[in-house]
Amino acid sequence: MNVVTRPDADATALARPPVPPPYGMLAELTHRCPLQCPYCSNPVELDRRNVELDTETWLRVFTQAAKLGVLQVHLSGGEPTARRDLEEMIRHCVKVGLYTNLITAGVGVTAERLQSISDAGVDHVQLSFQGADAMMTDHVSNFRGAHERKLAVAREVRRLGLPLTINSVVHRANIHQIPDFIELALSLDAKRIEIAHSQYYGWALRNRAALMPTREQVFWALEIVEKAREKLKGRLTIDAVVPDYYAKYPKPCMNGWGRQSLNVTPSGKVLPCHAAETIPNLDFWNVRDHALDDIWQDSPAFNAFRGTDWMPPLCQTCERKEIDWGGCRCQAMAIAGDAAETDPACHKSPLHGHLLALAEEDAATGEETFDYRRFLTPDRRV
Ligand code: SF4
Ligand code: FES
């Protein structure tokens, strides 16, 4: 394989000071997944198995990531345990000094497989729950028996002495279960829970009417989370990703484009964020053709919205420009039709009222039918 170690450096690239290294890398090992969550933020067009990177290429990418300065690798998907070479990858990450976090849905993972993953040296496991009880998890994931399997995996993870984080994506159908999600995390001896409101990119955008919570639900959720944080300090860490449709300021998406992390897709494209492919005309370099360091420093997609020079005048002149980095490029693309616009979640954006109206309209539909993400195992549908 021919890997380009340095692209032809143009004058701009030579003049640019080196970009500080990323801390984290999301390695999307596969898009294959047994679940069918309607909030899936993977692209509408999934990478098929025959275009996935092979083991050797992934190992090279992990070596390059460690050299670049990445500290933590999130082994994700789809369902990363669908890769039979997962343990080999974990062993390699350990060898090159990367902290490994396995992000799994847990449904197809046996106790033997977990033992083998633990023996390979995985540092941490993050397990998703689509509901706080069997009825909700099975309904949202469209997989009968998913909840019971996840409970078994969580118990096994703790029995093996691995630290556990519970991840729960909340939306209009399950947001009322937030207190139960927190109880679930405590009962499973997790040290952390992520309560992430659904984000509307990729497949999730199709389900916005069925997922969008009401304003009342969102403010209730914020209050519940704050109280729980206070009460459980030292026992359970609660991370919350707030829905910015109802907020005054946007989230600092990815902590700034091309600042701290990168995503490698199953077929090897390197993206500044999970949803970056929803932005047309960005040139994503591939690890099959370029070294990771070059991609991080010089690829057009990473430099498109890095720093503050790209910002529209509204953000350029704002005191928060290095706090929220102008918000989310993918949301600007989805709502304003231009990724270089101020994120409409910002109250200063001329489109803020429009965004709010969209959210309120969607929340008021009462839509209950999900357009499930279908990849595999139709026989598992609930
Ligand atoms: Fe952030 Fe731009 Fe809004 Fe200022 S104007 S708060 S930088 S999104
Ligand atoms: Fe792409 Fe926010 S999801 S920048």
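Residues numbered from 1 in each chain as written. Chains lettered and ligands numbered in written order. Predicted model: local features only at pLDDT ≥ 70, side-chain atom pairs only at ≥ 80, totals over all residues. Heavy atoms only, no water.

As annotated in an unreviewed UniProt entry, the chain carries the name PqqA peptide cyclase and comes from Ancylobacter crimeensis. In its Catalytic activity (unreviewed entry) section, the UniProt record describing the chain reads: "[PQQ precursor protein] + S-adenosyl-L-methionine = E-Y cross-linked-[PQQ precursor protein] + 5'-deoxyadenosine + L-methionine + H(+)". Listed under Sequence similarities (unreviewed entry) in UniProt, the entry text for the chain is "Belongs to the radical SAM superfamily. PqqE family." (UniProt positions renumbered as here; feature names shortened; annotations may be inferred.)

**Considering the pattern of salt bridges**
According to the stated counting rule, one finds 17 salt bridges in the structure shown. A salt bridge links Lys 191 to Asp 189; its shortest N-O distance comes to 3.6 Å. With a relative accessible area of 48%, Lys 191 lands in the partly exposed category. For Asp 189, a relative accessible area of 36% gives the class partly exposed. The salt bridge involving Arg 208 is made with Asp 362; its shortest N-O contact spans 2.6 Å. Note that Arg 208 is positioned in helix H8 (residues 208–211) and Asp 362 in helix H14 (residues 352–364), a separation of 154 residues in sequence. The two residues Arg 208 and Asp 362 agree in class, both being buried. Counted as one network, the salt bridges with shared partners bring together Arg 32, Glu 52, Arg 83 and Asp 85. (Salt bridge = Lys/Arg side-chain N within 4 Å of Asp/Glu carboxyl O. Buried < 20%, exposed > 50% of the residue type's maximum accessible area, 1.4 Å probe, protein only. Helix = DSSP H or I, 4+ residues; strand = E, 2+ residues; numbered from the N terminus.)

**Observations regarding empty space enclosed by the protein**
Within this structure, the stated rule accounts for 3 cavities of 30 Å³ or more. The volume enclosed by the largest cavity comes to roughly 110 Å³. Taken together, 14 residues make up the lining of the largest cavity; nearest its centre are Cys 315, Cys 318, Asp 324, Thr 342 and Cys 346. Around the second largest cavity, the lining comprises 13 residues; the ones closest to its centre are Cys 253, Gly 256, Trp 257, Gly 327 and Arg 329. Residues belonging to the lining of the second largest cavity are distributed by class as follows: 9 nonpolar, 3 polar and 1 charged. (1 Å grid on protein atoms, 1.4 Å probe; cavity = no way out; pocket = protein on both sides within 12 Å on 5 of 7 lines; lining within 4 Å. Points joined across faces, edges and corners; volume = space filled by probe spheres on them. Nonpolar A, V, L, I, M, F, W, Y, C, P; charged D, E, K, R; others polar.)

**Things to note about the packing of aromatic side chains**
Applying the stated criterion across every chain, the model contains 6 aromatic pairs. Look at Phe 305 and Trp 310: their rings are 5.4 Å apart centre to centre, the planes differ by 85°, and that puts the pair in the edge-to-face class. Residue Phe 305 is classed as buried on the basis of its relative accessible area, which comes to 9%. For Trp 310, a relative accessible area of 13% gives the class buried. In textbook terms, an aromatic cluster arises when at least three aromatic residues are bridged by ring pairs, as seen for Trp 257, Phe 305 and Trp 310. Sitting above the plane of the Trp 203 ring, Arg 206 keeps its charged end 4.2 Å from the centroid. (Phe/Tyr/Trp six-rings, centres within 6.5 Å; stacked < 30°, edge-to-face > 60°. Lys NZ or Arg CZ within 6 Å of the ring centre and 35° of its normal.)

**As for the environment of Gly 258**
Structurally, the position occupied by Gly 258 is in the loop between strand S7 (237–241) and strand S8 (261–264). Residues Gly 258 and Ser 118, spaced 140 residues apart in sequence, show a C-alpha to C-alpha distance of 32 Å. If we ignore the near neighbours within four places in the chain, the residues touching Gly 258 are Val 19, Pro 272, Trp 296, Phe 302 and Arg 306. (Contact = heavy atoms within 4.5 Å.)

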